[in-house]
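# Coordinate inspection notes
Spelled out from the first residue to the last, the chains are:
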Amino acid sequence: TCDYDRRVLTTYIGEYMGDFLFDTFQPFHFFVGKECDYRLPEKPSLASSFEMIEQLPLVTSPEVFGLHPNAEISYMTESTRELWSGLVSMQPRGGAGGGVSTEEVIAKTALDIQNKIPAEFDVPVLRKKLSSMNPDKAPTPIQVTLLQELDRWNTLNNYMKTSLRDLQRALKGELGMSQELDMIGQALLNGTLPPQWAKLTPATRKGLAGWINFWMRRQDQYTNWVEEGEPVVMWLSGLSIPETFLAAVVQTTCRRKKWPLDKSTLYTKVTSYLKPEDVTEKLEDGCYIIGTYLEGAAWDPVECCLVRQPPKVLIQEMPVIQIIPVEAHKLKLTGTFKAPVYVTSDRKNAAGVGMVVEADLDTREHSSHWTLQGAALVLNSDA
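First things first, this report covers the structure right here in the doc. (Residues numbered from 1 in each chain as written. Predicted model: local features only at pLDDT ≥ 70, side-chain atom pairs only at ≥ 80, totals over all residues. Heavy atoms only, no water.)

## Concerning the nonpolar core
L188, W197, W211, F245 and L361 are the most contacted members of the largest nonpolar core, which has 70 residues in total. Among the elements that take part in this core, helix 6 (residues 141-172) stands out by supplying 10 residues, more than any other. Discounting residues that sit within four places of it in the chain, L361 has contacts with V270, L294, W299, L306, M318, G335, T336, F337, A339 and L377. With five residues, the next largest nonpolar core counts Y4, Y293, Y342 and V378 among its residues. (Core = buried A, V, L, I, M, F, W, Y, C linked by side-chain atoms within 4.5 Å. Buried < 20%, exposed > 50% of the residue type's maximum accessible area, 1.4 Å probe, protein only. Helix = DSSP H or I, 4+ residues; strand = E, 2+ residues; numbered from the N terminus. Contact = heavy atoms within 4.5 Å.)

Set out below in structure tokens:
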């Protein structure tokens with residue numbers, strides 16, 4: 001388990017287990033609902049325990065466990081998504097409506113995407129150009145991050161170009177249809193991201209159409225970064241490995257202020273800028289980022305703090321966030337909730353992959369409240 005798993009466990013233990021359970025003068029109620037009062041039996045006997053269990057409703061509200069009622073909507077949405085995905089995978093492959101064959105649908109989709117693939121970035125030439133601009137004739141940490149990002153970007157686009165070209169040839173009978181090409185074709189037909197492409201791109205839960213828009217926006221950011229320099233506001237979601245960029249931001253400040261890198265860290269501050277266009281000047285130390293979404297809570301832009309989610313609002317895009325490098329021993333924060341930042345709403349897998357950084361969010365509630373609500377930031381919405 002990681003630190004956040006332990007935080008959830010210790011919060012549940014601290015909030016729901018302790019000597020206060022047996023206080024006869026102030027009875028403890030786990031949750032008081034319209035149908036049932038979740039509490040310990042008044043008489044500690046086996047019969048009273050059975051009687052209390054029989055009174056419990058068959059369907060338990062998420063509020064009993066400290067969650068927001070929206071958590072049930074999230075669960076139902078995920079169940080529906082899985083059911084729909086199974087139904088789509090079982091649909092017949094004979095042909096689509098209007099007499100259009102499956103092969104024609106796949107070929108048209110492949111051609112449309114192929115026409116959108118941009119030209120490859122010339123990374124070696126760019127490396128020489130960036131190095132010549134610096135006094136020490138070496139790229140800065142931020143520039144190194146850009147070069148690494150472009151290497152990964154070229155790898156993705158080259159594979160997409162090759163696989164789409166081979167898929168179209170295979171559909172025409174000019175090339176044997178391998179299992180790999182068949183999987184890509186079926187994904188294009190079902191409107192999902194091919195698994196081979198997913199291995200070369202940041203983790204996402206988007207469908208094919210949403211991912212294409214995401215992919216094209218990434219190209220725009222890389223192009224602007226190459227032509228105009230580091231963006232004033234970085235779209236963190238569009239980076240292959242956002243942790244590398246954040247580490248480079250801290251390293252740049254450490255070099256300028258001569259701080260020891262191993263004793264430096266960063267913290268975050270949510271700004272009043274709602275859109276990146278509102279930011280006009282680049283920070284000398286640190287950076288501004290966008291592309292974070294809040295789950296399990298809502299953000300009040302007026303009071304600049306965490307608040308309870310409105311009903312049926314499952315996710316909220318955050319304002320511009322400021323990344324502030326600092327020496328670790330000088331960092332003293334109060335009235336904040338340390339929220340994990342994950343890549344997708346899957347949060348992380350069993351190996352702990354998916355965690356990016358920690359964000360400090362102002363709050364007027366105790367941090368245990370937001371821990372039980374499951375508050376966290378993600379870099380990608382599912383849409």
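## Some remarks on the sheet that holds strand 12 (residues 355-362)
Read from one edge to the other, the open sheet built from five strands follows the order 9-6-13-11-12, with strand pairing classed as mixed. Every interior strand has two partners, whereas the edge strands, strand 9 (315-317) and strand 12, have only one. Direction aside, the axes of adjacent strands within the sheet are offset by 30° on average. Two elements, strand 11 (residues 336-342) and strand 12, share seven bridges in a ladder whose sense is antiparallel. (Pairing = 2+ DSSP bridges. Axes fitted to C-alpha atoms, helices over the stretch in contact; angles between N-to-C directions.)

## Here we look at the pattern of salt bridges
Counted by the stated rule, this structure contains 22 salt bridges. When the shortest N-O distance is used, the salt bridge between D3 and R6 registers 2.3 Å. Of this pair, D3 and R6 are both found in helix 1 (residues 3-16), three residues apart, which corresponds to roughly one turn of the helix. In this structure D3 comes out as exposed when scored by relative accessible area, which is 55%. Put simply, R81 and D382 hold a salt bridge, and the shortest N to O gap is 3.6 Å. Pair noted here: R81 is in helix 3 (residues 70-89) and D382 is in the segment after strand 13 (376-378), with a separation of 301 residues, a long-range link. A residue is classified by how much of its surface remains accessible, and R81, at 34% relative accessible area, is partly exposed. Through salt bridges that share partners, E78, R81, R205, D346 and D382 make up one connected network. (Salt bridge = Lys/Arg side-chain N within 4 Å of Asp/Glu carboxyl O.)

## Describing the side chain of T292
Of note, T292 is situated in the loop between strand 5 (287-290) and strand 6 (293-295). Its relative accessible area of 2% is what places T292 among the buried residues. When sequence neighbours within four positions are dropped, the list of residues in contact with T292 reads Q316, E317, M318, I321, V378 and L379.

None of this, on its own, says anything about what the molecule does.
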